[in-house]
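One letter stands for each residue in the lines below.
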Amino acid sequence: MSILHYILIIIVILLILLLLSCYKKIAYISKVLDVILQGNINARIRLQSQIRPINLLITKINSLSAKLQEVEEKNKRSEESRKKMISNISHDLRTPLTSMLGYLEIIFEDESLSKSERESYEKIVYNKGNYLLNLMEEFFQVSKLDSMDIKLEIKKVNVSEHIRENIVSFFAEFKKHNIEPEIILPEDDVYAFGDEKALNRILNNLINNALKYGAKASIIGVGLREEADKVFIEVWDNGSGIPTEDVSYIFDRLYTVEKSRNLNSKSSGLGLTIVKKLVWALGGTISAESIPNERTTFTFTLPKNDNSRG
Ligand code: ADP
């Protein structure tokens, strides 16, 4: 046999080995795909090949199953939140609805009712209807936030500017209640990563709460300070505050401090829950501290947008 024959035999052997290795790899890929098809979407192809198209195929199959896993998790979250929402709604709607029906029954059936009694019952039914409408709207918001079905447009936001605008929008209310607004902002505007609508909703809710619940407050303030990678925003008032035993619960769903219950027929106890979920969705944290009649402060953070001044 000539040298050429030897070379040809070696090439044929190498080709057979290559084909065998390809066969094994494709068989392994098919096995993993079977596992994924059986529902184990965590499975991944852990293989490297010298053949570029096989490597590309592996990467694409892996990213496809990662996407599938993401969709599956999102569906699971929405399903859980849907179930939770349905059970919450039925629980929380029952009481006001039962009471509305009770009043309506009296209005329709009690012929001895005086005109003023009838009017006052009608007003109660109207207020309860309003409360329910607001509750439904806020439930919807909470469920959207829980299932992360909310589109946030995270971009550079001028936090100083948003604080000034929010304070200005409350000026008439401040004047009506003889409240002195206090704004403490650094000289230069401060920027953060955030969503403008969400930031406005958070500020509006906290300032509104200071007005609504900060009974006898004479000062409502908003402050801003920054640290290395965070921006801190504080909203405070010197009103009647929150009892120490309630502070850790006020961000919980439907939690209202006993004395503020029924203060406002529209209060659902979901405002701070929505605020907390929005702050978290923006990558921040929120806390509250209260020394009644001295200072009740809500502090939330946002990730700082450092190189974007000016
Ligand atoms: P709602 O949506 O009904 O307004 P929130 O979730 O916003 O309720 O607030 C929950 C509870 O926290 C309120 O019932 C109130 O008792 C208390 N609270 C919130 N902010 C303040 C504040 N600035 N001063 C005193 N109490 C407050």
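Residues numbered from 1 in each chain as written. Predicted model: local features only at pLDDT ≥ 70, side-chain atom pairs only at ≥ 80, totals over all residues. Heavy atoms only, no water.

1. Observations concerning the packing of aromatic side chains
Centre-to-centre distance and the angle between the planes together describe a pair of aromatic rings.
Inference 1: Overall, the coordinates contain four aromatic pairs when judged by the stated rule.
Inference 2: Aromatic pair Phe171 and Phe174: ring centres 6.5 Å apart, planes at 70°, arrangement edge-to-face. Taken as a pair, Phe171 and Phe174 lie in helix 5 (residues 171–176) at a separation of three residues, close to a single helical turn.
Inference 3: Members of the aromatic cluster, joined through ring pairs, are Phe170, Phe171 and Phe174.
Inference 4: Its end group placed over the ring of Tyr191, Lys156 keeps NZ or CZ at 4.8 Å from the ring centre.
Inference 5: Over the ring of Phe232 we find Arg225, and its NZ or CZ is 4.3 Å from the ring centre. (Phe/Tyr/Trp six-rings, centres within 6.5 Å; stacked < 30°, edge-to-face > 60°. Helix = DSSP H or I, 4+ residues; strand = E, 2+ residues; numbered from the N terminus. Lys NZ or Arg CZ within 6 Å of the ring centre and 35° of its normal.)

2. So, the nonpolar core
Inference 1: Grouped together as the largest cluster of nonpolar side chains are 51 residues, with contacts concentrated most on Leu206, Ile233 and Phe300.
Inference 2: Broken down by element, this core gets its largest block of residues, eight residues, from helix 6 (residues 196–213).
Inference 3: Contacts of Leu206, omitting those with residues within four sequence positions, involve Val235, Leu272, Val275, Ile286, Phe298 and Phe300.
Inference 4: Core analysis: the next-biggest nonpolar cluster, separate from the first, contains 10 residues, Ile41, Ala43, Ile45 and Ile61 among them. (Core = buried A, V, L, I, M, F, W, Y, C linked by side-chain atoms within 4.5 Å. Buried < 20%, exposed > 50% of the residue type's maximum accessible area, 1.4 Å probe, protein only. Contact = heavy atoms within 4.5 Å.)

3. Quick notes on the packing of helix 6 against helix 8 (residues 271–281)
Inference 1: Where helix 6 meets helix 8, the axes come as close as 10 Å, and the angle between the chain directions of the two elements is 145°. Judged by the sense of rotation from one axis to the other, the crossing of helix 6 with helix 8 is left-handed. Seen from helix 6, the contacting residues are Ala198, Arg201, Ile202, Asn205, Leu206 and Asn209; seen from helix 8, they are Gly271, Leu272, Ile274, Val275, Leu278 and Val279. (Axes fitted to C-alpha atoms, helices over the stretch in contact; angles between N-to-C directions. Left-handed = near helix turned anticlockwise from the far one by under 90°.)

4. Points about the packing of helix 4 (residues 159–169) against helix 6
Inference 1: The interhelical angle for the contact between helix 4 and helix 6, taken along N-to-C directions, is 45°, at an axis separation of 10 Å. As judged from the angle between their axes, helix 4 and helix 6 are oblique. Crossing handedness for the pair helix 4 and helix 6: right-handed. Residues Val159, His162, Ile163, Asn166 and Ile167 of helix 4 pack against Glu196, Leu199, Asn200, Leu203, Asn204 and Ile207 of helix 6.
Inference 2: Class assignment of the residues belonging to the contact of helix 4 with helix 6 gives a composition of six nonpolar, four polar and one charged. (Parallel < 35°, antiparallel > 145°, perpendicular 65-115°, else oblique. Nonpolar A, V, L, I, M, F, W, Y, C, P; charged D, E, K, R; others polar.)

5. Considerations on a nonpolar patch on the surface
Inference 1: A contiguous nonpolar patch, built from Met1, Tyr6, Ile9, Ile10, Val12, Ile13, Leu14, Ile16, Leu17 and Leu20 and spanning about 1000 Å² of accessible area, is present on the exposed surface.
Inference 2: Mapped onto the secondary structure, Ile9 falls in helix 1 (residues 3–37).
Inference 3: Owing to a relative accessible area of 40%, Ile9 belongs among the partly exposed residues under this scheme. (Patch = residues over 30% accessible without salt bridge, like charges linked within 9 Å, V, L, I, M, F, W, Y side chains within 5 Å. Areas by Shrake-Rupley, 256 points an atom, 1.4 Å probe, with all protein chains shown as cover. Salt bridge = Lys/Arg side-chain N within 4 Å of Asp/Glu carboxyl O.)

6. Comments concerning the sheet that holds strand 4 (residues 219–226)
Inference 1: As summarised here, the arrangement of the five strands in space is 2-4-5-7-6, forming an open sheet in which the pairing is mixed. Because the sheet does not close on itself, it has two edges, and the strands there are strand 2 (180–184) and strand 6 (286–291). Neighbour to neighbour, the strand axes of the sheet diverge by 15° on average, direction disregarded.
Inference 2: Bridging between strand 2 and strand 4 involves five bridges; their strand directions are parallel. Pairing of Pro181 across the sheet is with Ile220, part of strand 4.
Inference 3: Packed on one face of the sheet, helix 6 meets strand 4, strand 5 (230–237), strand 6 and strand 7 (295–303) and runs near 175° to strand 7. (Pairing = 2+ DSSP bridges.)

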